[in-house]
Amino acid sequence: MLLATFPDAREGRPADRRAVERVHAPEYLDALASLREPAWIDGDTIASETSWEAALLAAGCAIEAAESGDFALVRPPGHHATPVRGMGFCLLNNVAVAARHMQAEHGVERIAIVDFDVHHGNGTQDAFAADDSVLYASLHQSGIYPGTGAVGEGGATTVNVPLRAGASDDEWLDAFVRHVEPAVARFEPGLLLVSAGFDAHEEEDLYLVDMHVTDNGFRELAQRCAALAPRIGAVLEGGYNLTTLPRLVSAALEGFSRESVTAG
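Reading the values: the criteria
- Residues numbered from 1 in each chain as written.
- Predicted model: local features only at pLDDT ≥ 70, side-chain atom pairs only at ≥ 80, totals over all residues.
- Heavy atoms only, no water.
- Helix = DSSP H or I, 4+ residues; strand = E, 2+ residues; numbered from the N terminus.
- Polar contact = N/O pair within 3.5 Å; in protein donor to acceptor, adjacent residues only side chain to side chain.
- Contact = heavy atoms within 4.5 Å.
- pLDDT = per-residue confidence, 0-100.
- Pairing = 2+ DSSP bridges.
- Salt bridge = Lys/Arg side-chain N within 4 Å of Asp/Glu carboxyl O.
- Buried < 20%, exposed > 50% of the residue type's maximum accessible area, 1.4 Å probe, protein only.
- Expected span 1.5 Å × (residues − 1).
- Axes fitted to C-alpha atoms, helices over the stretch in contact; angles between N-to-C directions.
- Parallel < 35°, antiparallel > 145°, perpendicular 65-115°, else oblique.
- Nonpolar A, V, L, I, M, F, W, Y, C, P; charged D, E, K, R; others polar.

### What about the side chain of Glu204?
- You can see Glu204 is positioned in the loop between β8 (191-196) and α8 (215-226).
- From its side chain, Glu204 meets the backbone nitrogen of Asn241 in a polar contact 3.1 Å long.
- With residues up to four places along the chain from it excluded, the contact list for Glu204 reads Phe198, Asp199, Gly239, Tyr240 and Asn241.

So this is what it looks like as structure tokens:
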């Protein structure tokens, strides 16, 4: 569906092992790379003999999006993957790999990550909890998977904004303005990366998820993200309604004011 909507999307390149080792433990990567048949990574995440290739391609697309200011349309998503394990459909933490790449290879000293997936990005929080060179700010529904994301979790540069069930555009945008914008402004990042999840949309149907963000809500969230740093890149996280997802990505692209996408 996404590739049909964006026929000009270019195919990305896989990340190399060095890039993903900046985030993930070698032992975990070895286990993922050695799979020769389907296996459960956790209770809802399965991987197979082709998953290593797919995960490297997703991480590589995230790197390219960070470098070029584009939107990486990838599967598997990444923000639940911790440095030592995959979970929540996520195998490698794409946005974290991209952030570390930009620091190591391009000298970007301060990076902010804004995550508006309906689920908290526990893996991204874990990756940077002890690192004051990366700010992680997450808007998410309170009390659902993965059970993290309370105010005060993480380090000094973690900003968790849990929202009550049933919240709509006004509440999401108000929370963004009151909590995310001032935190990012104080941090003064050279680059903003967005974990762009669309599963808070009003037409999603996920277990325990009860959010009512509209197309226009995502467009404005993206627009506000784009105003927070001189450079921006985005990576797809959640969003599982195949009818609405292409439309929501288009709305976000309008907000980001970017026309280029990278697919993996």
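### Looking at the confidence of the model for the protein
- Averaged over all residues, the pLDDT of the protein is 96; the fraction at 70 or higher stands at 97%.
- Here strand β10 (residues 261-263) stands out as the element of the protein with the lowest mean pLDDT, 66, in contrast to strand β5 (residues 111-115), whose mean of 99 is the highest.

### Quick notes on the pairing of strand β2 (residues 39-42)
- The pairing of β2 with strand β3 (residues 45-47) spans 3 bridges and is classified as antiparallel. Bridge pairing links Trp40 to Ile46 in β3.
- Between β2 and the antiparallel strand that follows it, β3, lie 2 residues.

### Structural notes on the pattern of salt bridges
- Overall, the coordinates contain 15 salt bridges when judged by the stated rule.
- A salt bridge links Glu64 to Arg10; its shortest N-O distance comes to 3.8 Å. With Glu64 in helix α4 (residues 51-68) and Arg10 in strand β1 (residues 10-11), this residue pair connects regions lying 54 residues apart in the sequence.
- When its relative accessible area of 7% is taken as the criterion, Glu64 is described as buried.
- A relative accessible area of 31% means that Arg10 is categorised as partly exposed.
- Arg164 is paired through a salt bridge with Glu171; the nearest N and O atoms lie 2.5 Å apart.
- Assessed through its relative accessible area of 26%, Glu171 is described here as partly exposed.
- Residues joined by salt bridges that share partners form a network here, namely Arg10, Arg13, Glu64 and Asp70.

### Focus on the pairing of strand β7 (residues 158-163)
- Burial of β7 is extensive: 5 of the 6 residues sit out of reach of the surface.
- Judged from the 6 bridges that link them, strand β6 (residues 134-141) and β7 form a sheet pairing that is parallel. Paired with His140 across the two strands is Pro162, which belongs to β7.

### Some details on helix α9 (residues 245-256)
- With 12 residues, α9 extends 16 Å from end C-alpha to end C-alpha; this agrees with the ideal 16 Å at 1.5 Å per step.
- For α9, a buried count of 9 out of 12 residues is recorded, marking the element as mostly surrounded by other parts of the structure.
- Considered for burial, the residues of α9 that qualify are Leu245, Pro246, Leu248, Val249, Ala251, Ala252, Leu253, Gly255 and Phe256.
- One or two positions beyond α9, positive phi appears at Ser257, with a value near 60 degrees.

### Focus: unusual backbone geometry
- For the bond from Arg75 to Pro76, the omega torsion is 5 degrees, close enough to zero to count as cis.
- For Pro76, the location among the structural elements is in the loop between β4 (71-73) and α5 (94-106).
- Here the amide bond leading from Tyr145 into Pro146 is cis, since omega sits at 5 degrees, within 30 degrees of zero.
- The backbone of Glu188 sits at a positive phi, close to 55 degrees, despite the residue not being glycine.
- Within the element layout of this structure, Glu188 appears in the loop between α7 (169-187) and β8.
- According to the relative accessible area criterion, Glu188 is exposed, its value standing at 62%.
- Backbone geometry places Leu208, a non-glycine residue, at a positive phi of 70 degrees.

### Brief notes about the packing of α7 against α8
- Contact geometry of α7 with α8 gives a least axis separation of 10 Å together with a crossing angle of 10 degrees. Classified by the angle their axes make, α7 and α8 are roughly parallel. For the pair α7 and α8, contact is made by Asp169, Trp172, Leu173, Phe176, Val177 and Glu181 and by Asn216, Gly217, Glu220, Leu221, Arg224 and Cys225, respectively.
- Tallied by class, the residues present in the contact of α7 with α8 amount to 6 nonpolar, 2 polar and 4 charged.

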